[in-house]
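# Coordinates in review
This is what each chain is made of:
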Amino acid sequence: MGRLVAMSLVGISLALLGERFLALRNRLNASREIESIDLPNCHLIKGIEAGSEDIDILPNGLAFFSVGLKHPGLHSFAPDRPGGILMMDLNEKKPRALELRISRGFNLALFNPHGISTFIDDDGTVYLFVVNHPEFKSTVEIFKYEEEENSLLHIKTIKHELLPSVNDVVAIGPAHFYATNDHYFSDTFLKYLETYFNLHWANVVYYSPNEVKVVAEGFDSANGISISPNKKYIYVADILAHEIHVLEKHTNMNLTQLKVLKLDTLVDNLSIDPSSGDIWVGCHPNGQKLFVYDPNNPPSSEVLRIQNILTMKPTVTTVYANNGSVLQGSSVASVYDRKLLIGTLYHRALYCEL
């Protein structure tokens, strides 16, 4: 009798593991292939060879790039080189990406930047918020952009128990932000288990010097986060659920979900066109190719433009798609004055004139 019970438990466990494996393949879109949709006026950006995971563009056309992310389980073309922040002036006829110098005292050797966000204070001061993973931990670094020196002055490092696995931030003040945790756990093995069993424990946290709190939860893997031009709504990408969540922001900084837009791709970072309110999304058509890297069958890239997301029927347009022959693993798309920048998780970056 005891052996029969044991065998039954083993059988149930194997069935559960098999079901979870098939479910994970579906969440990764493991069978999806895409047809390329090219843009006519594009070129690869010189100097970005190992990823530009996130991009944020100031209203004056200065674009910040987060480059060189390393992450457990992800491929890297420069595993021994620390990350950095690059800048490009999109007002120039032939803009170039140049690395910004960071002030002394900041540990550049362990700099591993992920999501980024800018905030302009009332006096014109520009702050750059950077998700950092030194030794694969999670911090949020706040820098002040020094325009005359074209450099970054490190202001503060933020660590908190409610920020165990930060993916992205959206700054709403000089020391205030919303952040996504793509996992509940900080331990790498527990993260794998959390993903495999689809626990939906990822969340969004509000941080200020006086208050830190969870303001939205129940995500499969909360990823990119952004804010509407009128500052009333927060947009959150749930990458493995293939969803964009629209949340209303209240005066106490709590968030209430208004709607969910379901898509057929893994949505990564979200960028807002301030003139139209359109959401530009860097996407991964096939997540399995992203995480199991094969140079002969590389991950593809996809850029979506979402118009009128607050209406009953938003318009979703595929602006760019590539099978990996040009761009592998697109993670962000940002626009300024009919110029489009497309960054990737660990590959190159693309500059296009629309």
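Everything numeric here is computed off the predicted structure, so don't read it as measured data. (Residues numbered from 1 in each chain as written. Predicted model: local features only at pLDDT ≥ 70, side-chain atom pairs only at ≥ 80, totals over all residues. Heavy atoms only, no water.)

### Let's talk about the overall build of the chain
The secondary structure content of the chain amounts to three helices and 25 strands. In terms of overall dimensions, the chain is globule-like: its C-alpha atoms have a radius of gyration of 20 Å, near the 20 Å expected for 354 residues. C-alpha atoms of the chain, sized along the principal axes, occupy 80 × 50 × 45 Å. Burial statistics for the chain: of 354 residues in total, 54% are counted as buried. Expressed as a percentage of contacts within the chain between residues at least 6 apart in sequence, the contacts between residues at least 24 apart total 53%. Carbon and sulfur atoms make up 53% of the accessible area of the chain, which totals about 16500 Å². Separation of charge centres in the chain, based on 30 positive and 40 negative side chains, amounts to 2 Å. (Helix = DSSP H or I, 4+ residues; strand = E, 2+ residues; numbered from the N terminus. Rg over C-alpha atoms; globule rule 2.2 N^0.38 Å. Buried < 20%, exposed > 50% of the residue type's maximum accessible area, 1.4 Å probe, protein only. Contact = heavy atoms within 4.5 Å. Areas by Shrake-Rupley, 256 points an atom, 1.4 Å probe, with all protein chains shown as cover. Lys, Arg positive; Asp, Glu negative; His and termini not counted. Charge placed at Lys NZ, Arg CZ, Asp CG, Glu CD.)

### Side note on the sheet that holds strand β17 (residues 243-249)
Pairing is antiparallel across the open sheet formed by four strands, whose spatial order is β15-β16-β17-β18. Edge positions in the open sheet fall to β15 (222-227) and β18 (255-262), since each of these has one partner strand only. For this sheet, the mean inter-axis angle between neighbouring strands, taken without regard to orientation, is 25 degrees. Bridge analysis of β15 against strand β16 (residues 233-238) gives four bridges, and the strand direction is antiparallel. Paired with Ala222 across the strands is Asp238, a residue of β16. (Pairing = 2+ DSSP bridges. Axes fitted to C-alpha atoms, helices over the stretch in contact; angles between N-to-C directions.)

### Focus: the UniProt feature "glycosylation site" (unreviewed entry) in the chain
Under the local residue numbering, the UniProt record ascribes the feature "glycosylation site" (unreviewed entry) to Asn269 and Asn323. Lining residues of the largest pocket, restricted to the annotated ones just named, are Asn269. Secondary-structure assignment places Asn269 in strand β19 (residues 266-272). Residue classification places Asn269 among the buried residues on the basis of a relative accessible area of 0%. Look past the residues within four positions of Asn269 in its chain and what remains in contact with it is Glu53, Asp54, Asp168, Asn223, Gly224, Trp280, Val281, Gly282, Ser331 and Val332. Secondary-structure assignment places Asn323 in the loop between β22 (315-322) and β23 (330-336). Excluding residues that lie within four positions of it along the chain, Asn323 makes contacts with Ser36, Pro298, Pro299 and Ser300. (UniProt positions renumbered as here; feature names shortened; annotations may be inferred. 1 Å grid on protein atoms, 1.4 Å probe; cavity = no way out; pocket = protein on both sides within 12 Å on 5 of 7 lines; lining within 4 Å.)

### Observations concerning helix α2 (residues 188-196)
Turning to α2, its buried residues are Lys191, Glu194 and Thr195. Across the axial projection of α2, the buried residues extend over an arc of 95 degrees, all falling on one side. The distance from a side-chain oxygen at the start of α2 to the backbone nitrogen of Phe189 is 3.1 Å, and the residue carrying that oxygen is Asp187. Immediately downstream of α2, the backbone of Asn198 shows phi near 55 degrees, a positive value. (Arc of directions from axis to C-beta. Polar contact = N/O pair within 3.5 Å; in protein donor to acceptor, adjacent residues only side chain to side chain.)

### Quick word on the pattern of salt bridges
Following the criterion strictly, the structure yields eleven salt bridges and no others. The residue Arg348 makes a salt bridge to Glu49 at a minimum N-O spacing of 3.3 Å. Note that Arg348 is positioned in the loop between β24 (339-344) and β25 (350-353) and Glu49 in the loop between β1 (42-44) and β2 (52-57), a separation of 299 residues in sequence. By relative accessible area, Glu49 is classed as partly exposed at 40%. Lys213 serves as the salt-bridge partner of Glu211, at 3.4 Å between the closest nitrogen and oxygen. A residue is classified by how much of its surface remains accessible, and Lys213, at 16% relative accessible area, is buried. In the salt-bridge network here, residues are joined through shared partners; they are Arg32, Asp264 and Glu302. (Salt bridge = Lys/Arg side-chain N within 4 Å of Asp/Glu carboxyl O.)

### Examining the layout of surface pockets
Taken as a whole, the largest pocket encloses approximately 1000 Å³ of empty space. Around the largest pocket sit 39 residues that line it, and Asp56, Ile57, Ile272, Asp273 and Pro274 are the ones nearest its centre. Contributions of two or more residues to the lining of the largest pocket are made by β2, β7 (113-120), β11 (166-173), β15, β19 and β23. Partitioning the lining of the largest pocket into residue classes produces 22 nonpolar, eight polar and nine charged. If you add up the space inside the second largest pocket, you get close to 800 Å³. In terms of lining, the second largest pocket is formed by 38 residues, of which the most central are His71, His183, Tyr192, Thr195 and Phe291. (Points joined across faces, edges and corners; volume = space filled by probe spheres on them. Nonpolar A, V, L, I, M, F, W, Y, C, P; charged D, E, K, R; others polar.)

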